[in-house]
Amino acid sequence: MTVQPHTSHILVVEDDKGRRELLLKKNKYSIGRGKNCDIVIQSPFVSRHHATITRIFDEEGFAHYHIIDGDGEELSANGIIINGKKVNNVQLKTGDKIVFGPQVFAVYHQSSRDVFPTLPPDDPFDITLIDPAMMSTDFE
């Protein structure tokens, strides 16, 4: 039985409407105040298409998300600041704080857990052992 790693990618966004957690599953997300963006940020300080997040797989098949300023062709008006540094393109790491404008930011989280494959229902080794000493006839 082989244990398979499972990784979740979460973006916690805080803007003028409050805080929300988004589970990243797609290959590409547009971020901005434009209504056609995948992740709409509610703030007048955010560009219509402020940033783009893309999923990239490494040579071992593990997914990583990168963020780029703007839409890939044109930079946003204010840029993005990650962990206090203005950047144009960076691979996101757990805990990275992405600032889009005043009181408008997102925090990226990556969590991994092991996923154990399930056994087929007719597995002859899938048995439950009950110790008679564990049985109690006293009901209080």
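Residues numbered from 1 in each chain as written. Predicted model: local features only at pLDDT ≥ 70, side-chain atom pairs only at ≥ 80, totals over all residues. Heavy atoms only, no water.

Examining the pairing of strand E3 (residues 28-32)
Moving on, step 1. Among the five residues that make up E3, four are buried, leaving the element largely enclosed by the rest of the structure.
Moving on, step 2. Bridge count between E3 and strand E5 (residues 51-57): four bridges; the pairing is antiparallel. For Tyr29, the partnering residue across the bridge sits in E5 and is Ile53. (Buried < 20%, exposed > 50% of the residue type's maximum accessible area, 1.4 Å probe, protein only. Helix = DSSP H or I, 4+ residues; strand = E, 2+ residues; numbered from the N terminus. Pairing = 2+ DSSP bridges.)

Quick look at the packing of aromatic side chains
Moving on, step 1. Applying the stated rule across the entire model yields zero aromatic pairs.
Moving on, step 2. We note Lys97 situated over the ring of Phe105; from NZ or CZ to the ring centre the distance is 4.4 Å. (Phe/Tyr/Trp six-rings, centres within 6.5 Å; stacked < 30°, edge-to-face > 60°. Lys NZ or Arg CZ within 6 Å of the ring centre and 35° of its normal.)

Some remarks on the sheet that holds strand E4 (residues 39-40)
Moving on, step 1. Overall, mixed pairing links the five strands, which are arranged E4-E3-E5-E6-E9 in an open sheet. Across the chains shown, the open sheet's two edge strands, defined by having one partner strand only, are E4 and strand E9 (89-91).
Moving on, step 2. Here two bridges tie E3 to E4, and the two strands are oriented parallel to one another. Residue pairing in the sheet places Gly32 in a bridge with Val40 of E4.

Concerning the environment of Ile53
Moving on, step 1. Position of Ile53 relative to the elements: it lies in strand E5.
Moving on, step 2. Accessibility expressed as a relative area gives 0% for Ile53, which makes it buried.
Moving on, step 3. The spacing of Ile53 and Ile31 is 22 residues in sequence and 7.7 Å in space, taken between C-alpha atoms.
Moving on, step 4. If near-sequence neighbours (up to four positions away) are discounted, Ile53 is found in contact with Leu11, Asn27, Lys28, Tyr29, Ile31, Tyr65, His66, Ile67 and Leu92. (Contact = heavy atoms within 4.5 Å.)

Focus: the environment of Ile39
Moving on, step 1. As for its placement among the helices and strands, Ile39 is situated in strand E4.
Moving on, step 2. Ile39 sits 26 residues away from Val13 along the chain, and the two C-alpha atoms are 9.1 Å apart.
Moving on, step 3. For Ile39, the contacting residues outside a window of four places in its chain are Leu11, Val13, Arg20, Leu22, Leu24, Tyr29, Ser30, Ile31 and Gly32.

Notes on the pattern of salt bridges
Moving on, step 1. One pass over the full model with this rule turns up three salt bridges.
Moving on, step 2. The salt bridge involving Arg20 is made with Asp15; its shortest N-O contact spans 3.0 Å.
Moving on, step 3. Note on Arg20: relative accessible area 26%, which makes it partly exposed.
Moving on, step 4. Looking at Asp15, the relative accessible area reads 7%, which means it is buried.
Moving on, step 5. Two residues, Asp38 and Lys26, come together in a salt bridge whose shortest N-O distance is 3.2 Å. Placement of the pair is Asp38 in the loop between E3 and E4 and Lys26 in the loop between strand E2 (18-24) and E3, with a sequence separation of twelve residues.
Moving on, step 6. Assessed through its relative accessible area of 39%, Lys26 is described here as partly exposed. (Salt bridge = Lys/Arg side-chain N within 4 Å of Asp/Glu carboxyl O.)

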